[in-house]
Amino acid sequence: MNSELYRFTSFTSSNCYILRPFNDDVCFFVDLPPDLDEPINYVKKNNLSIGGALVTHGHFDHSLGMVNFESKIFMNLEDEFLARNPQEQIASFTNNFIQSETFNGEIIDVNTLNNDLINIYHNPGHTAGSTSFEFPDLGIIFTGDFVFKESIGRTDLKSGSNSDMISSIKNVYSKFNKDYEILPGHGPSEKVSIISKENEFIREYLND
Ligand SMILES: [Zn+2]
């Protein structure tokens, strides 16, 4: 399938992706970092229409842009409290460097998204509602802060759980197609087969 993918890396180091699954003028955002201006400009410049945003989890570096986003937002509702209360996270990470506005719009339960284009995986551990989005026809998986190229998401933050992370790796990650490409919430992309071989955290948890 012919598709197009644009990646923007926020000043918070998180990745925002804009996917045009059919290479037509309809695009979908994956994650909404605080500084959405450049991705929104990309949309305008290319005369795209926005189908919606898939948010991998509720941390502010992936969701603070919700206040500036004017289309449907899908997320696992277990992370809604994080996305709607970002100032506590911001305080602990940036010394209140960013002042947040509270998002009062609608967050749609990602599990109501049901179609042939996308598979939704719940992979708690980094946060309770952490979610991966797989586009099987494109061979790509957006993992947020679940799995990175060389590490995995931390589990010591609010609603994080190390035991949930281990079972997500054993029960979700282990079923990912080896030939698919992982597009993480931070850092570069990599193939599942390479990550399974070279990421020491994944190797350890898959094999123990
Ligand atoms: Zn996170």
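What comes next is a walk through the structure. Everything numeric here is computed off the predicted structure, so don't read it as measured data. Here the residue index of a chain counts from 1 through its sequence in written order. This being a predicted model, a pLDDT of at least 70 is required before a residue's local features are given, and a value of 80 or more before pairs of side-chain atoms are given or counted; all residues contribute to the totals for chains, interfaces and linings.

**Remarks on the sheet that holds strand β9 (residues 140–144)**
Quick note on the threshold: Here a strand pair is declared whenever DSSP counts at least two bridges between the two strands. Numbering goes from the N terminus for both helices and strands, where a helix is a DSSP run of H or I of at least four residues and a strand is a run of E of at least two.
Strands sit in the order β7-β8-β9-β10-β11 across an open sheet of 5 strands; the sheet is mixed. Taken across any chain shown, the strands that pair with only one partner, and hence form the sheet edges, are β7 (119–122) and β11 (190–191).

**Let's talk about unusual backbone geometry**
To keep things clear, this is the line we draw: Here a residue counts as buried when 20 or more other C-beta atoms fall within 10 Å of its C-beta, as exposed when 12 or fewer do, and as partly exposed in between; the C-beta atoms come from the backbone.
Despite not being glycine, Ser-13 shows a phi value in the positive range, around 75°. Residue class for Ser-13 comes out exposed when judged on the 11 C-beta atoms lying within 10 Å of it. The phi angle at Ser-159 is positive, at roughly 70°, despite the residue not being glycine. With respect to the helices, strands and loops of the structure, Ser-159 is situated in the loop between β9 and α5 (162–171).

**Focus on the pairing of β9**
Along β9, 5 of the 5 residues are buried, which leaves the element largely enclosed by surrounding structure. Burial along β9 is two-sided: the face carrying Ile-140, Phe-142 and Gly-144 and the face carrying Ile-141 and Thr-143 are both buried. Taken together, the 3 bridges between strand β8 (residues 131–135) and β9 define a ladder with antiparallel strand orientation. When the bridges of β9 are listed, Phe-135 appears paired with Ile-140. Between β8 and β9, which follow one another and run antiparallel, lie 4 residues, and Gly-139 among them has a positive phi close to 70°. Here 4 bridges tie β9 to strand β10 (residues 181–184), and the two strands are oriented parallel to one another. Within β10, the residue paired with Ile-141 across the bridge is Ile-182.

**Considerations on the sheet that holds strand β3 (residues 26–30)**
Note the cut-off: Residues are defined as contacting one another if the C-beta atoms placed from their backbone atoms lie within 7 Å. Angles here are taken between N-to-C directions and fall from 0 to 180 degrees, while the axes themselves are lines fitted to C-alpha atoms, restricted in helices to the stretch in contact.
Taking strand neighbours across the sheet as the criterion, the 6 strands line up as β1-β2-β3-β4-β5-β6 in an open arrangement whose pairing is mixed. A strand with exactly one partner marks an edge of an open sheet, and here the two such strands are β1 (4–9) and β6 (108–109). The sheet contact formed by strand β4 (residues 49–54) and strand β5 (residues 73–75) spans 2 bridges and is parallel. Paired with Leu-54 across the two strands is Phe-74, which belongs to β5. Together, β1, β2 (15–20), β3 and β4 form the strand contacts of helix α1 (residues 37–45), whose direction differs from that of β2 by roughly 15°.

**Quick word on the packing of α5 against helix α7 (residues 200–207)**
Quick reminder of the rule: The scheme is simple: roughly parallel for angles under 35 degrees, roughly antiparallel for over 145, roughly perpendicular for 65 to 115, oblique for anything else.
Viewed as axis vectors pointing N to C, α5 and α7 meet at an angle of 80°, and their least axial separation amounts to 9 Å. Between α5 and α7, the angle falls in the class roughly perpendicular. Across from Ile-166, Ile-169 and Lys-170 in α5, the residues of α7 making contact are Ile-202, Tyr-205 and Leu-206.

**Let's talk about the environment of Leu-54**
Inspection of the secondary structure assignment puts Leu-54 in strand β4. Put simply, Leu-54 and Gly-187 are 133 residues apart on the chain and 18 Å apart in space, counted from C-alpha to C-alpha. Look past the residues within four positions of Leu-54 in its chain and what remains in contact with it is Phe-28, Val-30, Phe-74, Val-110 and Phe-133.

**Looking at the pairing of β3**
Of all 5 residues that make up β3, 4 are buried, and the element is covered over most of its length. In this structure, β2 lies alongside β3, joined through 3 bridges in antiparallel fashion. Counted as the bridge partner of Ile-18 is Phe-29 from β3. Remark: 5 residues form the turn of the hairpin made by β2 and β3, two consecutive strands paired antiparallel; Asn-23 in that turn has positive phi of roughly 55°.

Bear in mind that shape data such as this cannot, by itself, settle questions of function.
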